[in-house]
Amino acid sequence: MNSEPNIASSGVSDPGYRPATPQPFYWSVWRELWENRSIYVAPILVAIVVLFGFLVSTIGLPERRRTVLLFDPAKARAAIEAPYDMAAIMLILTAFIVGVFYCLDALYGERRDRSILFWKSLPVSDRTTLLSKATIPLVVLPLVTFAIVVATQLVMMLWTSALLITHGMSPASTWTYVPLFQNSFILLYGLAAIALWHAPIYGWALLISGWARRATFLWAILPFLAIAFFERITFGTSHFASMLKDRLMGFAPTAFAFNMHSVNSPQLTPGTYLSAPGLWLGLIVAAVFLAVAIRLRRYRGPL
């Protein structure tokens, strides 16, 4: 009697059979999404609050719109577009805050709840783990924010259009001064520019997350505050504080060219942005922070 297993019936020897290829990076990213729901829950909650505030603010909108349309085109566009810009700014700021606190807890949380012993037992390298965590604020959060901002602005525009129509007014002014497709492209470009510019901030937060034994937020900000304060009281200058300010908001003048007297959208300047020394210096610093964080995870045990 033949006791050998029927391999052919299992499909292993079938022509065209290909064993599943492990994808540790892909599943590591999904793991972060499964374990950190705030990545998408927090922006959604902020979007709901923004929409509620917008709905309240539309009381008396038709009368205000009639007055606004009497302004010159630049002022009319600024007035009509303001709520949509504010919604985008609120959600972008939320994404930045979520990204920073996610990074501060990414490695610290593993050591605190001792799950690091389990994750290190898997055939996933420390480099893959850290890169998957860095992908969240650099790629995933911008994409999530983009989708939520576009959806929020679309709901705002549809509500405004319905409100104007019920009062016998044309909604064309909303769709003319707030071009959704064009603004969406600008938003996606802006989110990418912001993420790359803030890369060293996220890298620093990951490094602190892997090093600090407690109070990661304080350890992340106190050294910079101490240096800025020391420079100010010792030399009477604020170059370090200016550098920190540039790292937070310096992407805008390099990624965009603003014309306050034009009704057109801000001009995109990717060439200027990509040639900015601050961008590449920041990316180099971020890479160094990630390399140190990888080494820390390799040798750091649970708290």
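Because the structure is a prediction, the values reported are computed rather than measured.

**As for the overall build of the protein**
- Per the secondary structure count, the protein includes 16 helices and 2 strands.
- Taking all 303 residues of the protein together, 42% fall into the buried category.
- A total accessible area of about 17500 Å² is found for the protein, and carbon and sulfur atoms account for 72% of it.

**Observations regarding the environment of Ala195**
- Summarising the element assignment, Ala195 is placed in helix α10 (residues 180-197).
- It is 9.0 Å that separates the C-alpha atoms of Ala195 and Leu141, two residues lying 54 residues apart in sequence.
- Excluding residues within four positions of it along the chain, Ala195 makes contact with Pro137, Leu138, Pro142 and Tyr202.

**Looking at the confidence of the model for the protein**
- Scored by pLDDT, the protein comes out at a mean of 87, with 90% of its residues at no less than 70.
- Considering each helix and strand of the protein separately, the mean pLDDT is smallest for helix α1 (residues 7-10), with a value of 46, and largest for helix α11 (residues 199-211), with 95.
- The low-confidence segment residues 1-5 (pLDDT under 50) makes 0 contacts with residues lying over four places distant or belonging to another chain.
- Here residues 7-11 scores under 50 on pLDDT; set against residues more than four positions off or in separate chains, the count is 5 contacts.

**Digging into the packing of helix α5 (residues 73-106) against α10**
- Packing of α5 against α10 leaves a shortest axis separation of 13 Å and a crossing angle of 35°. The way α5 lies across α10 gives a crossing that is right-handed. Residue-level inspection shows Arg77, Glu81 and Ile92 of α5 in contact with α10, the latter providing Asn183, Leu187, Leu191 and Ile194.
- Considering only residue class, the contact of α5 with α10 consists of 4 nonpolar, 1 polar and 2 charged.

**A word on the nonpolar core**
- Core analysis: the biggest nonpolar cluster contains 41 residues, and Ile39, Ile136, Val140, Leu206 and Ile208 have the highest contact counts within it.
- Within the residue set of this core, elements represented by two or more residues are α2 (24-35), α3 (38-57), α5, α8 (126-166), α10, α11 and α16 (277-299).
- If one sorts the elements of this core by residue count, α5 sits on top with 10 residues.
- Within the second largest apolar cluster, 13 residues are counted, among which are Ala87, Met156, Tyr177 and Val178.

**A few points about a nonpolar patch on the surface**
- Taken together, the side chains of Leu93, Ile97, Phe101, Phe217, Leu218, Leu222 and Leu225 make up a nonpolar region of the molecular surface, amounting to roughly 650 Å² of accessible area.
- Contributions of two or more residues to the nonpolar patch are made by α5 and α12 (216-235).
- When residues of the nonpolar patch are assigned to their parent elements, the largest contribution, 4 residues, is made by α12.
- Positionally, Phe217 belongs in helix α12.

**A word on the pattern of salt bridges**
- Inspection of every chain in the model, using the stated rule, returns 10 salt bridges.
- Residue Asp126 pairs with Arg298 through a salt bridge whose shortest N-O separation is 3.6 Å. Highlighted residues: Asp126 in helix α8 and Arg298 in helix α16, separated in sequence by 172 residues.
- Several salt bridges converge on common partners, so that one network encompasses Arg31, Glu32, Glu35, Glu110, Asp126, Lys133, Arg297 and Arg298.

**Focus on the environment of Pro137**
- Within the element layout of this structure, Pro137 appears in helix α8.
- The sequence separation of Pro137 and Val100 amounts to 37 residues, and the corresponding C-alpha distance is 7.9 Å.
- Ignoring sequence-local partners within four residues, the contact set of Pro137 consists of Gly99, Tyr102, Cys103, Pro142, Ala195 and Tyr202.

**Re the side chain of Thr135**
- Within the fold, Thr135 resides in helix α8.
- Leaving out residues up to four positions away in the same chain, Thr135 has contacts with Phe25, Val29 and Val140.

**Some thoughts on the packing of aromatic side chains**
- Counted according to the given criterion, the structure contains 14 aromatic pairs.
- Taking the centre distance of 6.4 Å and the plane angle of 70° together, the rings of Tyr26 and Trp30 count as edge-to-face. Pair noted here: Tyr26 and Trp30 are both in helix α2, with a separation of 4 residues, about one helical turn.
- Counting every residue linked through ring pairs, the aromatic cluster contains Tyr26, Trp27, Trp30 and Trp34.
- Taking NZ or CZ as reference, Arg247 lies 4.7 Å from the ring centre of Trp197, over its face.

Rules behind the numbers
- Residues numbered from 1 in each chain as written.
- Predicted model: local features only at pLDDT ≥ 70, side-chain atom pairs only at ≥ 80, totals over all residues.
- Heavy atoms only, no water.
- Helix = DSSP H or I, 4+ residues; strand = E, 2+ residues; numbered from the N terminus.
- Buried < 20%, exposed > 50% of the residue type's maximum accessible area, 1.4 Å probe, protein only.
- Areas by Shrake-Rupley, 256 points an atom, 1.4 Å probe, with all protein chains shown as cover.
- Contact = heavy atoms within 4.5 Å.
- pLDDT = per-residue confidence, 0-100.
- Axes fitted to C-alpha atoms, helices over the stretch in contact; angles between N-to-C directions.
- Left-handed = near helix turned anticlockwise from the far one by under 90°.
- Nonpolar A, V, L, I, M, F, W, Y, C, P; charged D, E, K, R; others polar.
- Core = buried A, V, L, I, M, F, W, Y, C linked by side-chain atoms within 4.5 Å.
- Patch = residues over 30% accessible without salt bridge, like charges linked within 9 Å, V, L, I, M, F, W, Y side chains within 5 Å.
- Salt bridge = Lys/Arg side-chain N within 4 Å of Asp/Glu carboxyl O.
- Phe/Tyr/Trp six-rings, centres within 6.5 Å; stacked < 30°, edge-to-face > 60°.
- Lys NZ or Arg CZ within 6 Å of the ring centre and 35° of its normal.

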